[in-house]
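Descriptive structure summary
In case you want the letters, here they are:
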Amino acid sequence: MNVTIFRRLAIALMLLVQPWCAMSAPLRIETIHGPPWGFVGSDGRPTGMMYEIGNRIAEVAGFAYTNSLIPYPRTAADIENGSADFTIRFGNEQMTRGAVPVGVVVSMPVIVVGPAGKHYRHLDELRGKTVGIVRTSKYVEQFDTDNAIQKYSVNDYVAMAKMLSMRRLDAGIGSSVGLYYGAYMAGIKAADLGAPLVLGSNDFILFFSRKNARPETQLALKEALQKLTSSGEIRQIMGKYTKSFSMDLPQK
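Note that the structure is predicted; figures quoted are calculated from it, not measured. (Residues numbered from 1 in each chain as written. Predicted model: local features only at pLDDT ≥ 70, side-chain atom pairs only at ≥ 80, totals over all residues. Heavy atoms only, no water.)

1. What about the pattern of salt bridges?
How we decide: Salt bridge, as applied in this entry: a Lys or Arg side-chain nitrogen positioned within 4 Å of an Asp or Glu carboxyl oxygen. In DSSP terms, a helix is any run of H or I states spanning at least four residues, a strand is any run of E spanning at least two, and both are numbered starting from the N terminus. Only protein chains enter the area calculation, which uses a 1.4 Å probe; residues under 20% of their type maximum are buried, those over 50% are exposed, and those in between are partly exposed.
All chains considered together, the criterion is met by eight salt bridges. A salt bridge links aspartate 78 to arginine 74, with the shortest nitrogen-to-oxygen separation between them at 3.0 Å. A residue pair is termed a helical-turn pair when its members lie 3 or 4 positions apart in one helix, as aspartate 78 and arginine 74 do in helix α3 (residues 72-81) at four residues. The exposure class assigned to aspartate 78 is buried, which follows from its relative accessible area of 7%. Across the pair lysine 138 and glutamate 93 runs a salt bridge whose closest N-O atoms are separated by 4.0 Å. Remark: glutamate 93 occurs in helix α4 (residues 93-98) and lysine 138 occurs in the loop between β7 (130-134) and α5 (141-144); sequence separation between them is 45 residues. With a relative accessible area of 48%, glutamate 93 lands in the partly exposed category.

2. Description of the packing of helix α2 (residues 49-61) against helix α8 (residues 215-231)
Under the convention used in this document: Axis definition: a line fit to C-alpha positions, over the contact stretch in the case of helices; interaxial angles, taken between N-to-C directions, run 0 to 180 degrees. Should an angle lie under 35 degrees it is considered roughly parallel, over 145 roughly antiparallel, and from 65 to 115 roughly perpendicular; all remaining angles are considered oblique. Crossings are assigned a handedness: left-handed for a near helix turned anticlockwise from the far helix by less than a right angle, right-handed for a clockwise turn. Contact between two residues is taken to exist if any of their heavy atoms lie within 4.5 Å; hydrogens are not considered.
Two elements in contact, α2 and α8, have axes whose closest approach is 8 Å; the angle formed by their N-to-C orientations is 115 degrees. By the angle between their axes, α2 is roughly perpendicular relative to α8. Note that α2 runs across α8; the crossing there is right-handed. Between α2, through Arg56, Ile57, Ala58, Val60 and Ala61, and α8, the contact on the second element is made entirely by Ala220, Leu221, Ala224, Leu225, Lys227 and Leu228.

3. Digging into the sheet that holds strand β1 (residues 27-32)
To be explicit about the condition: Between any two strands, at least two bridges found by DSSP are needed for them to pair.
The eight strands are arranged β4-β1-β5-β10-β6-β9-β7-β8 in an open sheet whose pairing can be described as mixed. Looking at the sheet topology across the chains shown, the edges are occupied by β4 (65-70) and β8 (150-154). For this sheet, the mean angle separating the axes of adjacent strands, direction not counted, is 25 degrees. As paired strands, strand β6 (residues 99-113) and strand β9 (residues 171-175) are joined by four bridges and run antiparallel to one another.

4. A closer look at the packing of aromatic side chains
Here is the rule: A pair of aromatic rings is counted whenever rings of Phe, Tyr or Trp (Trp by its six-membered ring) have centres within 6.5 Å, and the orientation is called stacked for planes under 30 degrees apart, edge-to-face for over 60 and tilted otherwise.
Overall, the coordinates contain eight aromatic pairs when judged by the stated rule. Each ring, one from tryptophan 37 and one from phenylalanine 204, has its centre 4.7 Å from the other, and the planes form 50 degrees; the classification is tilted. With a gap of 167 residues between them, tryptophan 37 in the loop between β1 and β2 (39-40) and phenylalanine 204 in strand β10 (residues 197-209) connect regions that are remote in the sequence. Residue class for tryptophan 37 comes out buried when judged on its relative accessible area of 4%. Ring centres of tyrosine 139 and phenylalanine 143 lie 6.5 Å apart, and the angle between their planes is 75 degrees; this geometry places the pair in the edge-to-face category. The burial state of tyrosine 139 is the same as that of phenylalanine 143; both residues are buried. Members of the aromatic cluster, connected to one another through ring pairs, are Trp37, Phe90, Tyr139, Phe143 and Phe204.

5. Here we look at α8
Threshold: Every helix has an expected span of 1.5 Å times one less than the residues it contains. The reported arc concerns the directions from the helix axis to the C-beta atoms and nothing else.
Under the 1.5 Å per step criterion, the end-to-end length of α8 is 24 Å for 17 residues, consistent within 8% with the ideal 24 Å. Every buried residue of α8 is listed here: Thr217, Gln218, Ala220, Leu221, Ala224, Leu225 and Leu228. Looking straight down α8, one finds its buried side chains confined to an arc of 160 degrees; they lie on one side. Along α8, the residues that are exposed and aim more than 90 degrees away from the buried face are Pro215, Lys227 and Ser230. Positive backbone phi, approximately 85 degrees, marks glycine 232, located one or two places after α8.

6. A few points about the nonpolar core
Cut-off, in case you're wondering: By nonpolar core we mean a set of buried residues, namely Ala, Val, Leu, Ile, Met, Phe, Trp, Tyr and Cys, connected to one another through side-chain atoms within 4.5 Å.
Counting 65 residues, the largest nonpolar core has Ile53 and Phe143 as its most contacted members. At eight residues, the largest contribution of residues to this core is made by β6. Apart from residues lying up to four places away in sequence, isoleucine 53 is in contact with Ile88, Val105, Ile234, Ile237 and Met238. Residues Ile79, Met95, Ile205 and Phe207 belong to the second largest nonpolar core, which totals seven residues.

Dropping the structure here:
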């Protein structure tokens with residue numbers, strides 16, 4: 001066979017194979033490392049609410065996948081630089097730049113909780129106070145943009161709950177599930193914290209990296225998310241992590 005023809009055939013074959021390889025490569029999922037989203041269980045294996053949900057979305061969509069537990073700020077960086085394909089988390093400026101929102105997984109109340117015996121009734125009561133936030137998190141605009149509130153960054157809700165119990169924070173803010181599960185993991189009962197102030201709600205969104213975006217992959221993930229939502233399986237997974245504490249909250 002003529003060498004030139006052979007080279008052309010080889011190049012054509014490579015061009016055909018490359019898209020197939022890209023499609024068949026396992027999806028790289030990153031889950032927030034922190035209870036209840038993702039953590040190492042008593043059996044030494046990764047587990048968690050968003051870890052399980054992310055896995056099920058990939059499985060129902062028909063993709064092979066890996067799922068790694070990653071610190072919250074790094075999930076946004078890895079999605080933006082393309083070293084991860086998707087994550088489930090709250091949005092922020094970095095996610096807006098680097099990710100395509102595929103769909104809302106679940107909406108959760110955002111609450112402010114003080115130490116035992118403290119009940120905040122209005123947001124303006126937090127001005128001049130030190131309020132714990134999970135590093136790089138955005139919660140609700142009226143809180144995020146109020147510069148009179150001193151924000152103190154912590155790694156996760158377990159650390160936040162411990163600092164509240166020791167009265168090292170005036171208050172902590174977070175999703176209701178995250179904050180109360182963090183307290184549970186820290187051995188602190190919800191009853192040992194102050195009454196919650198409901199500020200609003202925020203969405204856990206499945207974000208897909210813009211650098212790795214493929215319309216057919218995003219569509220498959222969106223359809224899988226819709227199936228799991230309609231069947232109630234996402235709520236069932238959430239229930240495994242909320243049965244240990246009360247979710248009763250006052251009306252906003």
